[in-house]
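Architecture and fold: a report
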Amino acid sequence: MRRDIENALKSAAKRLKKVHLAELMQLPSRTDFMFQFEDLELDCTRQPLDAESLSLLLELAEKRGLARFMDAMFAGEAINLSENRPVVHCDLRAPAHLQSDAFKTLSAFAEKVRGDKNITAVVNLGIGGSDLGPAMVARALAGYHDGADCHFVGNICPTDLHDVLVQCEAHKTLFIVTSKTFTTAETLTNAKLAKAWLADAGVDSADAMVAVTAYESRARDWGLEQVFSFDEGVGGRYALWSAVGLAVMVAIGRDRFCEMLAGAHAMDCHVKTADYAQNLAVIMGLLRVWHRDYLGATSYGLMPYDQRLARFPAWAQQLEMESNGKGVDRNGKPLPHPAAPLIWGAAGTNSQHSFFQWLHQGVESVPIDILIARRPAEDWGAAWQASHKMLAINAVAQAESLALGAPNTDEPHRHFPGNRASLLLSWDKTTPYALGRLLALYEHITIISGFIWGVNSFDQWGVELGKQMAHNLQSGQGLDAFSPAARRFLKRLNRRI
Ligand code: F6P
């Protein structure tokens, strides 16, 4: 049965590879490849898809039991098998959570900080999921920012923290030490440096530092008194909706933060209830699988046409690659096919003047998602609106030129082969609600494609070996196991310090 559907998909891919997108795009039934949820429109007309291949992909989802898996996730079953945990981040955006003591305490604190005019800067110290989500949202919603200045420091590279601290005053700065595990070397090292910086200015860190973690006692043992916790079933890269979003809540306020949660919850409801043939997350998740396993794409681009969404690709990169960048299935058996592609991207139109050359004329064909709000984020008058219109026109122009191409047999350098897939995802305006909905969509794309690939999208054992080796090199443990080159490098470092 499994083989039948896979073979049918392989034949469909083989057949479609021979049809140019320009041809498919002319078919009168092409509007069947446009989908909508609220004002969010998904245009898949420039995808190498026809009715048969789409229905086979939907059949694949059905045969693999996607609906049962999604139900299990929403019901709180322990679907994260390798860690024996449920996956509960969707609960954080359900209306019931807003009534919980945890949310009330967190949001009251955020509002208190917003009301305290002596706090002019908030610095989030965290890395990976404890940084990428809130940093991306803070920038995406810059137009709603009416709280203290908000900074994000992730890297252990000393310049990261230093370059933020030079912009802050110790007496007016609040540090949020954000770490799910509260063991992450980068975050704890930066927190120690921040503590010393406060002490140098005569500020007691108890007044100027709070913690966000799933392991409250570790934060207390580290010396922090005010701790906001969240459930360990909230994966780091899915944690934006939890107390990990505290810096964002300080920046935009509780009400706006709740609007973002409402948008994400609306997407959860759509994913749960919409027919799979009209379900945006299911269709986009299946497209990941289609391109990777059947059309041979090794990478996948995400191009937000929105400067404030410039950090979106980095957030989605961790989300998809840490979740699905695996070589074994949920039971530890080698995968029979590749899973997550390389996820990358940058904001348009800047990227058009950079790597889009490669997208248009490079030897490989790489599918991309083009993301755009149809209206500008702010109303600054007609001339600014005209800029936004140009931005949106560029987004469509890229989608069209990638797909249609422009043959030129006389001048090979000017030949555009076309037939390069993109999808256009657009919404009315980037409000907190629309952003929450968009981010939840990409979370579900990740989970759905990960399920079809058969991987556990909620663990990340692959990051552990490097951490262990760094620890050993740092502490001098087991140096004999390292290569002569590594030992030589370490010796040189030690000489310099
Ligand atoms: O090293 C990877 C990782 O574990 C991510 O999964 C996580 O988002 C990040 O580090 C930070 O972890 P923590 O929030 O526990 O400090």
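Computed from a prediction, not measured in an experiment: that's the story for all the values here. (Residues numbered from 1 in each chain as written. Predicted model: local features only at pLDDT ≥ 70, side-chain atom pairs only at ≥ 80, totals over all residues. Heavy atoms only, no water.)

1. Observations regarding the packing of helix α14 (residues 280-294) against helix α18 (residues 432-453)
Heads up, the condition is: Only the contacting stretch of a helix is used when fitting its axis, a line to C-alpha atoms as for every element, and angles between N-to-C directions run 0 to 180 degrees. The helix and strand labels rest on DSSP assignments: H or I over at least four residues marks a helix, E over at least two residues marks a strand, and numbering proceeds from the N terminus. Comment on the angle field: the value is read as roughly parallel under 35 degrees, roughly antiparallel over 145, roughly perpendicular from 65 to 115, and oblique elsewhere. Each crossing is labelled by how the near helix is turned from the far one, with a counterclockwise turn of less than a right angle marking it left-handed and a clockwise turn marking it right-handed. A contact between two residues is defined here by any heavy atoms of the two lying within 4.5 Å.
Running from amino to carboxyl end, α14 crosses α18 at an angle of 50°, the nearest separation of the two axes being 8 Å. When the axes of α14 and α18 are compared, the pair comes out oblique. The hand of the α14/α18 crossing is right-handed. Of the residues in α18, those in contact with Leu280, Ala281, Val282, Met284, Gly285, Leu286, Arg288, Val289, Arg292 and Asp293 of α14 are Leu441, Tyr442, His444, Ile445, Ile448, Ser449, Ile452 and Trp453.

2. Here's the deal with the site of the ligand
Which entries qualify depends on this criterion: We call a residue near a molecule or strand as soon as one heavy atom of that residue lies within 4 Å of the molecule or strand. Under the rule applied, a polar contact is a pair of N or O atoms within 3.5 Å (in protein, one hydrogen donor and one hydrogen acceptor; residues adjacent in sequence only if both atoms are side-chain atoms). Only the protein chains shown count as cover for residues, with accessible areas throughout obtained via the Shrake-Rupley method and a probe of 1.4 Å. In the scheme used here, Gly and all other residues not listed as nonpolar or charged are polar, with Ala, Val, Leu, Ile, Met, Phe, Trp, Tyr, Cys and Pro taken as nonpolar and Asp, Glu, Lys and Arg as charged.
Looking at the ligand, there are 13 residues lining it, with Gly129, Ser130, Ser179, Thr181 and Thr184 nearest. Within the backbone of Lys180, one N or O atom sits 2.7 Å away from an oxygen atom of the ligand. Glu322 places a polar side-chain atom, nitrogen or oxygen, 2.8 Å from an oxygen atom of the ligand. Surface burial for the ligand is 89%, taken as the share of its 390 Å² of free accessible area covered by protein chains. Taken together, the residues of the shell around the ligand sort by class into two nonpolar, eight polar and three charged.

3. Side note on the nonpolar core
Applied cut-off: The nonpolar core is taken to be a set of buried Ala, Val, Leu, Ile, Met, Phe, Trp, Tyr and Cys residues, with the residues joined through side-chain atoms within 4.5 Å. Only protein chains enter the accessibility calculation, which uses a 1.4 Å probe; a residue whose area is less than 20% of its type maximum is buried, one above 50% is exposed, and one in between is partly exposed.
Ranked by internal contacts, the top residues of the largest apolar core, which has 122 residues, are Met70, Leu246, Trp290, Phe312, Leu425 and Tyr442. Top element by residues in this core is α18. It accounts for 13 residues. When near neighbours in sequence (up to four residues on either side) are disregarded, Trp290 contacts Leu9, Ala12, Ala13, Leu16, Pro48, Leu49, Ser53, Leu57 and Leu295. Residues Val164, Leu188, Met209 and Ala219 belong to the second largest nonpolar core, which totals 23 residues.

4. Here we look at unusual backbone geometry
Note that the residue after Gly348, namely Thr349, is joined by a cis bond; omega there is 15°. Inspection of the secondary structure puts Thr349 in the loop between β9 (342-344) and α16 (356-361). One non-glycine residue with positive phi stands out, namely Asn419, at about 60°. Counting through the fold element by element, Asn419 comes out in the loop between α17 (382-404) and β11 (422-427).

5. Here's the deal with the domain arrangement of the chain
Selection rule: Here the limits of each domain have been adopted from an automatic or database domain assignment.
For the chain, the assigned domains are domain 1 (2-75 + 274-459), domain 2 (89-258) and domain 3 (462-496). A straight line from the C-alpha centre of domain 1 to that of domain 3 covers 40 Å.

6. Some points on the packing of aromatic side chains
Think of a pair of aromatic rings as described by two things: how far the centres are apart, and how the planes are tilted against each other in angle. To keep things clear, this is the line we draw: Pairing of aromatic side chains here covers Phe, Tyr and the six-membered ring of Trp, requires ring centres within 6.5 Å, and sorts the geometry by plane angle: under 30 degrees stacked, over 60 edge-to-face, intermediate tilted.
With the rule as written, the count across this model stands at twelve aromatic pairs. Judged by centre distance (5.6 Å) and plane angle (45°), the ring pair of Tyr238 and Phe458 falls under tilted. Here Tyr238, found in the loop between β7 (227-229) and α12 (246-252), pairs with Phe458, found in the loop between α18 and α19 (464-475); they are 220 residues apart in sequence, far enough to count as distant. The pair formed by Tyr238 and Phe458 is uniform in burial state, with each residue classed as buried. Pairing Trp344 with Trp358 gives two aromatic rings, centres 5.7 Å apart and planes at 70°, and the pair type is edge-to-face. Of the two residues, Trp344 sits in strand β9 while Trp358 sits in helix α16, which places them 14 residues apart along the sequence. With relative accessibility at 36%, the residue Trp358 sits in the partly exposed group.

7. A word on the sheet that holds strand β8 (residues 299-304)
The cut-off we apply is this: We treat two strands as partners when DSSP finds at least two bridges between them.
Taken together, the six strands give an open sheet; going across it, the order is β1-β2-β11-β10-β8-β9, and neighbouring strands pair in mixed fashion. With one partner strand each, in any of the chains shown, β1 (34-37) and β9 form the two edges of the open sheet. Taken pair by pair, the neighbouring strands of this sheet meet at an average axis angle of 15°, ignoring direction. Judged from the four bridges that link them, β8 and strand β10 (residues 368-373) form a sheet pairing that is parallel. Within β10, the residue paired with Met303 across the bridge is Ile370.

8. Digging into the pairing of β1
Burial along β1 is one-sided: Phe35 and Phe37 are buried, while Met34 and Gln36, pointing the other way, are not. In terms of strand pairing, β1 meets strand β2 (residues 40-43) through four bridges, oriented antiparallel. If you follow Gln36 over to β2, its bridge partner there is Glu41. Here β1 folds back onto β2 in antiparallel fashion, the turn holding two residues, of which Glu38 has a positive phi close to 50°.

9. Some details on the environment of Ala72
With respect to the helices, strands and loops of the structure, Ala72 is situated in helix α4 (residues 66-74). Given the relative accessible area of 4%, Ala72 is considered buried. As a C-alpha pair, Ala72 and Pro86 span 14 residues in sequence and 8.9 Å in three-dimensional space. The contact partners of Ala72, leaving out residues within four places of it in the chain, are Glu77 and Ile79.

10. Observations concerning the sheet that holds strand β4 (residues 149-153)
The parallel open sheet is built from five strands, whose spatial order is β4-β3-β5-β6-β7. This sheet does not close on itself; its edge strands, each paired only once, are β4 and β7. For this sheet, the mean inter-axis angle between neighbouring strands, taken without regard to orientation, is 20°. Note that strand β5 (residues 173-178) and strand β6 (residues 209-213) share four bridges and pair parallel. Looking at β6, one finds that Thr178 is bridged to Val212. Along the sheet face, helix α6 (residues 101-115) touches β3 (121-125), β5, β6 and β7 and points at about 135° away from the line of β7.

11. Regarding the packing of α6 against helix α13 (residues 254-273)
Contact geometry of α6 with α13 gives a least axis separation of 10 Å together with a crossing angle of 135°. Put simply, α6 runs oblique to α13. For the pair α6 and α13, the contacting residues are Phe103, Ser107 and Glu111 in the first and Arg254, Phe257, Cys258 and Leu261 in the second. A breakdown of the residues in the contact of α6 with α13 according to their chemical character gives four nonpolar, one polar and two charged.

12. Describing the pattern of salt bridges
Rule in force here: By convention in these notes, a salt bridge is any Lys or Arg side-chain nitrogen within 4 Å of a carboxyl oxygen on Asp or Glu.
All chains considered together, the criterion is met by 26 salt bridges. In this structure, Lys63 engages Glu59 in a salt bridge whose closest nitrogen and oxygen atoms are separated by 2.6 Å. Of this pair, Lys63 and Glu59 both sit in helix α3 (residues 51-64), four residues apart, roughly one helical turn. The class for Lys63 is partly exposed, based on a relative accessible area of 42%. Notably, a salt bridge pairs Glu77 with Arg68, separated by 3.1 Å at the nearest N-O pair. Linked through salt bridges whose partners overlap, the residues forming this network are Arg15, Asp50 and Glu52.

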